[in-house]
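Observations on chain architecture
The lines below spell out each chain.
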Amino acid sequence: EMRWAVCGHDVCFREGSMLKKWAEASKALPIVRGAGIWQKELDTIIAKLQQGDWVHYFPEGKIRQDGRIHPFRRGVGRLVASVEEPQRLQVLPFYHVGLDRVQPTTPGSTSILSRPQLGTHIHVIFGE
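Our subject in this report is the structure included herewith. (Residues numbered from 1 in each chain as written. Predicted model: local features only at pLDDT ≥ 70, side-chain atom pairs only at ≥ 80, totals over all residues. Heavy atoms only, no water.)

**Some thoughts on the overall build of the protein**
What the protein contains, in helices and strands, is 5 helices and 5 strands. Element order for the protein, N to C, with α for helix and β for strand: β-α-α-β-α-β-α-β-α-β. Expected size for 128 residues packed as a compact globule is a radius of gyration near 14 Å; at 16 Å, the protein falls within 12% of this value. Projecting the C-alpha coordinates of the protein onto the three principal axes gives extents of approximately 45 × 40 × 30 Å. (Helix = DSSP H or I, 4+ residues; strand = E, 2+ residues; numbered from the N terminus. Rg over C-alpha atoms; globule rule 2.2 N^0.38 Å.)

Below, the structure is given as structure tokens:
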């Protein structure tokens, strides 16, 4: 099975950026934040799910590092509801704490190439 990631068009797919080349080479799919649940980018993600591919998706709409769980965006509901063979769909929710200290995304450290803080304790919970 192929693993796909989803990344904001405004972050990973800016024309001419090195990040765009990396995102395309690493099987990242664009999503346009704020474009609604009927955007063509969600159709592409749904097609991957219907093929049985694994899609890593942040239902809150973006990576947040404030320690709170934010409301899920409506697009995640469309993804789940649109799979024609629901027995093929597997949703694995997980929650993690500590990644914000490994590689913070604060205004003072906006580069994705910043040096990660190795040895930082991370706690991950997987659920059903």
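**Details of the sheet that holds strand S2 (residues 28–31)**
Overall, parallel pairing links the 3 strands, which are arranged S2-S1-S3 in an open sheet. Two strands bound the open sheet, and with one partner strand each, they are S2 and strand S3 (54–56). Across the sheet, the axes of successive neighbouring strands diverge by a mean angle of 30 degrees, strand direction being ignored. Direction of pairing for strand S1 (residues 3–8) relative to S3: parallel, over a ladder of 3 bridges. (Pairing = 2+ DSSP bridges. Axes fitted to C-alpha atoms, helices over the stretch in contact; angles between N-to-C directions.)

**Some remarks on the packing of helix H3 (residues 40–50) against helix H4 (residues 74–82)**
In helix packing, the relevant descriptors are the interaxial angle and the interaxial distance, both defined with respect to the helix axes. With their axes 9 Å apart at the nearest point, H3 and H4 run at an angle of 40 degrees to one another. Taken together, the axis directions place H3 and H4 in an arrangement best described as oblique. Remark: the crossing between H3 and H4 carries right-handed chirality. On H4, the residues that touch Leu42, Asp43, Ile45, Ile46, Leu49 and Gln50 of H3 are Gly75, Arg78, Leu79 and Ser82. Taken together, the residues of the contact of H3 with H4 break down into 5 nonpolar, 3 polar and 2 charged. (Parallel < 35°, antiparallel > 145°, perpendicular 65-115°, else oblique. Left-handed = near helix turned anticlockwise from the far one by under 90°. Contact = heavy atoms within 4.5 Å. Nonpolar A, V, L, I, M, F, W, Y, C, P; charged D, E, K, R; others polar.)

**Here's the deal with H4**
Among the residues of H4, those classed as buried are Gly75, Arg78 and Leu79. One side of H4 carries all its buried residues, which in axial view fall inside an arc of 100 degrees. For H4, the exposed residues lying more than 90 degrees away from the buried face are Arg74 and Ala81. Turning to H4, the residues buried within the fold contact H3. (Buried < 20%, exposed > 50% of the residue type's maximum accessible area, 1.4 Å probe, protein only. Arc of directions from axis to C-beta.)

**A word on unusual backbone geometry**
Negative phi values dominate among residues other than glycine, just as trans dominates among peptide bonds. Even without being glycine, lysine 27 reaches a positive phi, approximately 65 degrees. In this structure, lysine 27 sits in the loop between helix H2 (18–25) and S2. By relative accessible area, lysine 27 is classed as partly exposed at 33%.

Nothing here speaks to function; it is all geometry.
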